[in-house]
Amino acid sequence: MKREKQLEKRSSILEAAISVFSREGYPNARMQEIATKAGIGKGTIYQYFKGKKHLFQQVVKEGIDQYAIGIKNEIKGCIGIEQILKKIVTFSFSFLENHSDVLKMIESHRSLIDESMMKWLYDRKIKITDLLVKTIVEKTEKKGMRSYKDAELAAYCFFGMMISVVQEKVFHKKEFDIEEVSDRIVKIFLHGYEQL
């Protein structure tokens, strides 16, 4: 029960931090405001986080971990590669749109991403990419995928395509039908532009 309350309190601090960081920006965000929004005393934050920079980094880490877990859960039970890729795209649109505050925080405060944080982000990117690589290899074995390297390059290309389009929606407020665009991204990726 005590552990559950601690996790709940940590979560409320992270939620409050997202709100304050995204509204005020990192430099203007005050720990007191975060504490007030979380419904706790300012000192309680320091029981969970070393300081404002550590709190910011934990917000980023938490968001990326939720994304990775979400992708894994989304593709469970999917059969073909096309269905898996479409699930990844539609989930990514939805998740990143719902967590656009975290994306904007990362984008506007890159200087807070130090070397250890960059290494952590890179490791997470590799884990997410590896999930897709394994899926591609598994689902395309019969179709003659030549190597793990081909699947790895394909995974990077797929995520690059998808993230570029997601950024248009999240950062530039470009309006489009997510289902339709998801379908088109997957078709272009699998069959090439000329096959549309």
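What comes next is a walk through the structure. Owing to the predicted nature of the structure, the values given are computational and were not obtained by experimental measurement.

Rules behind the numbers
- Residues numbered from 1 in each chain as written.
- Predicted model: local features only at pLDDT ≥ 70, side-chain atom pairs only at ≥ 80, totals over all residues.
- Heavy atoms only, no water.
- Axes fitted to C-alpha atoms, helices over the stretch in contact; angles between N-to-C directions.
- Helix = DSSP H or I, 4+ residues; strand = E, 2+ residues; numbered from the N terminus.
- Left-handed = near helix turned anticlockwise from the far one by under 90°.
- Contact = heavy atoms within 4.5 Å.
- Nonpolar A, V, L, I, M, F, W, Y, C, P; charged D, E, K, R; others polar.
- Phe/Tyr/Trp six-rings, centres within 6.5 Å; stacked < 30°, edge-to-face > 60°.
- Buried < 20%, exposed > 50% of the residue type's maximum accessible area, 1.4 Å probe, protein only.
- Lys NZ or Arg CZ within 6 Å of the ring centre and 35° of its normal.
- 1 Å grid on protein atoms, 1.4 Å probe; cavity = no way out; pocket = protein on both sides within 12 Å on 5 of 7 lines; lining within 4 Å.
- Points joined across faces, edges and corners; volume = space filled by probe spheres on them.
- Core = buried A, V, L, I, M, F, W, Y, C linked by side-chain atoms within 4.5 Å.

## Some remarks on the packing of helix α4 (residues 52–75) against helix α5 (residues 81–98)
Two elements in contact, α4 and α5, have axes whose closest approach is 9 Å; the angle formed by their N-to-C orientations is 145°. Judged by the twist between their axes, the crossing of α4 over α5 is right-handed. Between α4 and α5, the contacting residues are G63, Q66, Y67, G70, I71, E74 and I75 on the first element and I84, K87, I88, F91, S92 and F95 on the second. Classifying every residue of the contact of α4 with α5 gives seven nonpolar, four polar and two charged.

## Digging into the packing of aromatic side chains
Taken as a whole, this structure holds 10 aromatic pairs when the rule is applied. Relative to F56, the ring of Y26 lies with its centre 5.6 Å away and its plane at 75°, an arrangement referred to as edge-to-face. Remark: F56 occurs in helix α4 and Y26 occurs in the loop between α1 (2–24) and α2 (31–38); sequence separation between them is 30 residues. Each of the two residues, Y26 as well as F56, counts as buried. With a centroid separation of 6.5 Å and 40° between ring planes, the pair formed by Y48 and F49 is classed as tilted. A network of ring pairs unites the aromatic residues F21, Y26 and F56 as a single cluster. When the ring centre of Y26 is taken as origin, the NZ or CZ atom of K52, which lies over that ring, is 4.5 Å away. Cation over ring: K169 sits above F176, and NZ or CZ is 5.4 Å from the ring centre.

## Remarks on helix α6 (residues 100–108)
All buried positions along α6 are accounted for by S100, V102 and M105. Of the surrounding elements, those touching the buried residues of α6 are α1, α4, α5 and α8 (148–172).

## A short note on the packing of α5 against α8
Between α5 and α8, the least distance of the axes is 10 Å, while the angle of their chain directions is 35°. Seen along the crossing, α5 lies across α8 with a hand that is right-handed. Taken together, the residues of α8 that come into contact with α5 (itself represented by L85, I88, V89, S92, F93, L96 and E97) are F158, F159, M162, I163, V165, V166, K169 and V170. Of the residues contributing to the contact of α5 with α8, the split by class is 12 nonpolar, one polar and two charged.

## Points about the layout of surface pockets
The space that makes up the largest pocket amounts to roughly 960 Å³. Lining the largest pocket are 27 residues, and of these I64, L103, L121, K125 and I163 lie nearest its centre. Within the lining of the largest pocket, the residues separate by chemical class into 18 nonpolar, five polar and four charged.

## Regarding the nonpolar core
Counting 29 residues, the largest nonpolar core has Y67, I88, L132, F158, F159 and M162 as its most contacted members. If you list the elements that add at least two residues to this core, you get α4, α5, α7 (115–140), α8 and α9 (178–191). The biggest single contributor to this core is α5, with nine residues. Contacts of I88, omitting those with residues within four sequence positions, involve I71, I75, L132, F158, F159 and M162. Counting 26 residues, the second largest nonpolar core, distinct from the first, contains A17, A38, I45 and L121.

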